[in-house]
Amino acid sequence: MAPQEPRAGEAPAASPAAGGRQVWRRLLARRTVLAAGLVIVLLALIAAAAPLLSAIEGQDPTSFHNDLLDSAAGGVPTGSFGGVSAEHWLGVEPGTGRDVFARLVHGARISLLVAVGATLVQVTIGVLLGLAAGLGSRLLDQLIGNTTEVMLALPSLVFAISLMAIVPSDFPRPLLLTLVIGLLGWGGTSRLVRAQTLSLKQLDYVAAARLAGAGRWRIARRELLPSLAAPVITYAAVLLPSNVIGEAGLSFLGVGVKPPTSSWGQMLSGATTWFRADPMYVLLPSALLFATVLAFTVLGDAVRTELDPRAASRLRVGTARGADGPTADGSGGPTPTGPGPSNAAEEATA
Amino acid sequence: MTRFLLRKAVGMLGVLLVLSLVVYAVFYIAPGDPAQLACGEKCSPAQVAQVRERLGLDAPVYLQYAHFLQGLVAGRDFSAGTGLLHCQAPCLGISYRSGEQVTDMIAARLPVTASLALGAMVVWLILGVGTGLLSALRRGRLSERLLTALTLAGNSVPVFVIGLVLLIVFCAQLQWLPFPTYVPLTEDPQQWFWGLLLPWISLALIESAKYARLTRSSMLETLADDHIRTFRAYGVSERHLVTRHALRGALTPVIALTAMDLGALFGSAVLTESLFGLPGLGKLLVSSVSLIDLPTVVGLTLVTGFFVVLANVIADVLYAVSDRRVVLT
């Protein structure tokens, strides 16, 4: 099992200051992570350059091309593979004739923006409330704790669908998606941060800071936040791909972004009508969605293994128990998580 | 055990009460005038006022909520045109669009979603636990890495993408299966099965890799336990060891996860039903959302919340029943 992890061969010694850089180096040393990273960078570039890309193709994502559709067949694009041609690189949308390539690259913007934005909202709310619960009075802790439990018990997709529907349609949809996904998904982060804060609070260095006269806000900012970074980043890396799926799902159901704005999920919402006649149209957004989520998931998984050595050894449980001890110690030193906090993280996620 | 159940039941009621309050607040107070929504766009102010009175929306908000709760526990009456319409407990109100009782609408569609969820569960347990056990018993690097890769992939596909790909392959290209339709089990079990096969597989494929990985690690952990080593030292055969002694402990987390997932499955069920056009709760939700039929939306949200909370309690209990080391307090 040892050769599977590149870090096993490395020298375990590293100064705490180099922790972040070390994690980066180890992450980049894995081929799958590198591939996932490249996919994400590529997607981000595509999203950023969407207008440019569709301009190079000479198309835009919103104009109709009825002349390219076979009206006798119910609006299926003429030509093979969904109407692929020199003008329309990936064909045109059945029913409307809008350019698929242009819609796909513009859809990347929505997927990434909404997912990243929603993750930021979730993490911000979660960290603030978790810190407040962990550091505040008993009453505040109970209040936030119970609210978090209710949030976690909410059937979030159901709630999101309903919220998306009752907000007036002149509110910008991508922003609304970001807010709805973000506001419904902070429960996990809040619970995690609260548990971490409670155990970090007991440590000597925090007590020392308190004795030196530091206020709650200063303790939260200067003493706790740096130690919270690792578990929160890990958790955010798990949230991100699920937010991509969330956006796609809502748009697929027809309550997310509305045409003429395109998103991958929204392109797929018409797919049930066209999957027989034009499979290409269905497969393209599916493949992009899959690649995006997979890349984020692989990256998130790797980040978790690097930042929380215990998670790594848990996943490999039974295969080589004895060997995990020293490896975990070696990489556990430089990372900001000490043994105490990651215990709490386990309890919080269990 | 009784005390534990009681405590859980009280906690569950608490969460549901808060949930109902939140749902009620969000949907009835925030987005404008429910009476206008109930009546439609073209209603005159007089008509709107009439509807408001009929649905009891003219009372103060806290009273409305109290009436809503009263309806849930004891039923309530609505004045409908000429006479009174009695809505039996648990009453979730009356649909603005169809005039049906929300409870009836939900009850009529529950079998569809239940068929979908339970069938998918059977498929993912067979697939997931089966491969998980196999790979645990013949452990090796390859099967472990394969499972890890499959789990990652399974986590990365939205259920409607898998469903669409399955549709393209099995319905459109190979033509092995008809487009899924729902036929009640009581009407024709065979058609029920074939009609739901693709939805089951779509849902199960996503879950099963996770179960395989969990089964595998849990089995390996149990096999490394002291009591299993003792049995082995006494000369119990490996086969007996696995089937008689290890399996019970190893499947405990699997059972608990199943209960939790089943409760939370509704989200994927909405997408699956919407993709395959199955007339279940998810389809009802999407259509009532697009019609802004508030009572139905509120009712569905509460019912799904109820199932999620219930599933959590069941998971706890199952955990205790299948693993005697767990003591419920």
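Because the structure is a prediction, the values reported are computed rather than measured. (Residues numbered from 1 in each chain as written. Chains lettered and ligands numbered in written order. Predicted model: local features only at pLDDT ≥ 70, side-chain atom pairs only at ≥ 80, totals over all residues. Heavy atoms only, no water.)

1. A look at the interface of chain A and chain B
Many authors give the size of an interface as the accessible area that is lost as the parts come together. Tallying the contact residues gives 42 residues for chain A and 50 residues for chain B. For the pair chain A and chain B, the summed buried surface comes to about 4,000 Å²; carbon and sulfur atoms form 80% of the total. Counting across the interface, chain A meets chain B through zero salt bridges. Our count for the chain A to chain B interface comes out at zero residue pairs in polar contact (both at pLDDT 80 or more). For the side of chain A that touches chain B, the elements supplying multiple residues, two or more each, are α5 (138-153), α6 (156-166), α10 (216-252), α12 (271-274) and α13 (279-307) of chain A. (Contact = heavy atoms within 4.5 Å. Buried area = accessible area lost by both parts, 1.4 Å probe. Salt bridge = Lys/Arg side-chain N within 4 Å of Asp/Glu carboxyl O. Polar contact = N/O pair within 3.5 Å; in protein donor to acceptor, adjacent residues only side chain to side chain. Helix = DSSP H or I, 4+ residues; strand = E, 2+ residues; numbered from the N terminus.)

2. Thoughts on the environment of Ile206 of chain B
All names here are of chain B. Along the chain, the position of Ile206 falls in helix α8 (residues 189-223). Separated by 35 residues in the primary sequence, Ile206 and Cys171 have C-alpha atoms spaced 20 Å apart. Residues contacting Ile206, with those up to four places away along its chain left out, are Gly154, Val157, Pro158, Val159 and Ile162.

3. Section: the packing of aromatic side chains
Scanning all chains against the criterion turns up seven aromatic pairs over all chains. Geometrically, the ring pair formed by Phe252 of chain A and Phe160 of chain B is stacked, given 4.3 Å between the ring centres and 10° between the ring planes. With Phe252 of chain A in helix α10 and Phe160 of chain B in helix α7 (residues 159-173), this pair bridges two chains. An identical accessibility class is assigned to Phe252 of chain A and Phe160 of chain B; each is buried. On the numbers, 5.2 Å between centres and 75° between planes, the contact of Trp192 of chain B with Trp200 of chain B is edge-to-face. In this structure Trp192 of chain B comes out as buried when scored by relative accessible area, which is 16%. Taking the relative accessible area as the measure of exposure, Trp200 of chain B reaches 4% and is therefore buried. One aromatic cluster is present, built from ring pairs that chain together Trp192, Phe193, Trp194 and Trp200 of chain B. (Phe/Tyr/Trp six-rings, centres within 6.5 Å; stacked < 30°, edge-to-face > 60°. Buried < 20%, exposed > 50% of the residue type's maximum accessible area, 1.4 Å probe, protein only.)

4. Examining the side chain of Ser95 of chain B
Residues and elements named next belong to chain B. You can see Ser95 is positioned in the loop between β2 (83-87) and α5 (102-137). Classification of Ser95 by relative accessible area gives buried; the value is 4%. The residues contacting Ser95, other than those within four sequence positions of it, are Glu100, Val102, Met105, Asp293 and Thr296.

5. A short note on the nonpolar core
Ile161, Leu250 and Leu268 of chain A together with Phe160 of chain B are the most contacted members of the largest nonpolar core, which totals 131 residues. Of all hydrophobic cores here, the second largest spans 16 residues; its members include Val123, Leu200, Ala214 and Leu224 of chain A. (Core = buried A, V, L, I, M, F, W, Y, C linked by side-chain atoms within 4.5 Å.)

6. A word on the pattern of salt bridges
Residue and element names in this part refer to chain A. One pass over the full model with this rule turns up six salt bridges over all chains. When the shortest N-O distance is used, the salt bridge between Arg103 and Glu93 registers 3.2 Å. In this pair, Arg103 is assigned in helix α4 (residues 100-135) and Glu93 in the loop between β2 (76-77) and α4, connecting sequence segments 10 residues apart. An identical accessibility class is assigned to Arg103 and Glu93; each is buried. Through salt bridges with shared partners, a single network forms among Glu93, Arg98 and Arg103.

7. Section: a nonpolar patch on the surface
Together, Leu283 of chain A together with Val165, Val169, Leu174 and Trp176 of chain B give the surface a local cluster of nonpolar side chains, amounting to about 440 Å² of exposed area. Looking at the secondary structure, you find Val169 of chain B in helix α7. The class of Val169 of chain B is partly exposed, set by a relative accessible area of 32%. (Patch = residues over 30% accessible without salt bridge, like charges linked within 9 Å, V, L, I, M, F, W, Y side chains within 5 Å. Areas by Shrake-Rupley, 256 points an atom, 1.4 Å probe, with all protein chains shown as cover.)

8. What about the environment of Ile314 of chain B?
By secondary structure assignment, the location of Ile314 of chain B is in helix α13 (residues 294-322). Counting along the chain gives 241 residues from Ile314 of chain B to Val73 of chain B, while the straight-line C-alpha distance between them is 23 Å.

9. Here we look at the packing of α8 of chain B against helix α10 (residues 238-264) of chain B
Two quantities define a packed helix pair, namely the angle between the axes and the distance from one axis to the other. Residues and elements named next belong to chain B. In contact at an axis separation of 9 Å, α8 and α10 are set at 145° when each is read in the N-to-C sense. Read as a crossing pair, α8 and α10 show a hand that is right-handed. Residues Glu207, Lys210, Tyr211, Leu214, Thr215, Ser218, Met219, Thr222 and Leu223 of α8 touch α10, and the partners they reach there are Val242, Ala246, Leu247, Gly249, Ala250, Leu251, Pro253, Val254, Leu257, Thr258 and Asp261. Per-class residue counts for the contact of α8 with α10 are 12 nonpolar, five polar and three charged. (Axes fitted to C-alpha atoms, helices over the stretch in contact; angles between N-to-C directions. Left-handed = near helix turned anticlockwise from the far one by under 90°. Nonpolar A, V, L, I, M, F, W, Y, C, P; charged D, E, K, R; others polar.)

10. Observations regarding the side chain of Glu207 of chain B
Residue and element names in this part refer to chain B. Mapped onto the secondary structure, Glu207 falls in helix α8. Looking at Glu207, the relative accessible area reads 12%, which means it is buried. Not counting chain neighbours up to four residues away, the residues in contact with Glu207 comprise Trp124, Asp261 and Leu265.

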